[in-house]
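# Structural overview for review
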Amino acid sequence: MAIEHDFFGLLESGPDGSIFWSEALEFGDQYVTIDLTAPDQDDVSSDALDVAAAMIRSLESIDLTAREAMISELSDRTSEVTEFLLQQQEDLGETLHDVLIEMSGDVHIDMIRSLRLMSVTILADEHGGKDPFCVLEYALDPDAMDDVLFVNLSSSGSILSVTSAE
């Protein structure tokens, strides 16, 4: 079986009924991998695909919202964002300034601004549910895939959580 959608085209299901779509899209001066997945195509509505397409089209705005959510967690010294940034600061040491794209004087804000959006995963079967519908993956160093932050969004675009890979 398959699902036809204006944005995604023909989404064919695998032998187990799952669907998967992937594309590398230009975002700023880099490419971001966008994946849409669902374990059972029967759990994917046309509304979910419409929301997913709208999120992809408004990726710049969603990225800004995600970064604002990270910044809002800086006041909590025990948040995963703060712990992630402190760990990155310790790991990178003097080379931290080499990865920062701008220097405002607030190193944690500069680090958040310098995070690269590595991938976006849309879990199409979670439309309207309590679990994340969209997961944005950020890293300071694109080669250090264990050192990432995940921003989890609902299908309405609201931030559910920001977590680290650890």
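Cut-off values and rules
- Residues numbered from 1 in each chain as written.
- Predicted model: local features only at pLDDT ≥ 70, side-chain atom pairs only at ≥ 80, totals over all residues.
- Heavy atoms only, no water.
- Pairing = 2+ DSSP bridges.
- Helix = DSSP H or I, 4+ residues; strand = E, 2+ residues; numbered from the N terminus.
- Axes fitted to C-alpha atoms, helices over the stretch in contact; angles between N-to-C directions.
- Contact = heavy atoms within 4.5 Å.
- Buried < 20%, exposed > 50% of the residue type's maximum accessible area, 1.4 Å probe, protein only.
- Parallel < 35°, antiparallel > 145°, perpendicular 65-115°, else oblique.
- 1 Å grid on protein atoms, 1.4 Å probe; cavity = no way out; pocket = protein on both sides within 12 Å on 5 of 7 lines; lining within 4 Å.
- Points joined across faces, edges and corners; volume = space filled by probe spheres on them.
- Nonpolar A, V, L, I, M, F, W, Y, C, P; charged D, E, K, R; others polar.

Before going further, it helps to spend a moment on the sheet that holds strand β4 (residues 30-38). If you walk across this open sheet you meet the six strands as β3-β4-β5-β6-β7-β8, and the pairing is mixed. At either margin of the open sheet sits one strand with a lone partner, and together these are β3 (19-27) and β8 (159-164). The average angle at which neighbouring strand axes cross in this sheet is 20 degrees, direction not considered. Its contacts with the sheet put helix α1 (residues 46-57) on β3, β4, β5 (116-123) and β6 (134-139), and the angle it makes with β4 is roughly 170 degrees.

Moving on, we get to the pairing of strand β7 (residues 148-153). When you tally the buried positions in β7, you get five out of six residues, the bulk of the element. Pairing analysis gives six bridges linking β6 to β7, with the strands arranged antiparallel. Looking at β7, one finds that tyrosine 138 is bridged to leucine 149. Across five bridges, the pairing between β7 and β8 is antiparallel. Across the sheet, the residue bridging to leucine 153 is isoleucine 159, located in β8. Here β7 hands over to β8 after five residues, with glycine 157 in that stretch at a positive phi of 90 degrees.

For the rest of this paragraph, the subject is the packing of helix α3 (residues 80-92) against helix α5 (residues 107-114). The N-to-C vectors of α3 and α5 enclose an angle of 95 degrees; their axes lie 11 Å apart at closest approach. By the angle class used here, α3 and α5 are roughly perpendicular. In contact with Val81, Leu85, Leu86, Gln88 and Gln89 of α3, α5 contributes Val107, His108, Met111 and Ile112.

Quick look at the layout of surface pockets now. For the largest pocket, the calculated volume is near 300 Å³. Looking at the largest pocket, it is lined by 13 residues, and the ones nearest its centre are Phe27, Asp29, Gln30, Arg67 and Leu115. Broken down by secondary-structure element, the contributors of at least two residues to the lining of the largest pocket are α2 (59-72), α5 and β5. Looking at the lining of the largest pocket, the element that brings in the most residues is α2, giving three residues. Residues that form the lining of the largest pocket fall into these classes: four nonpolar, three polar and six charged.

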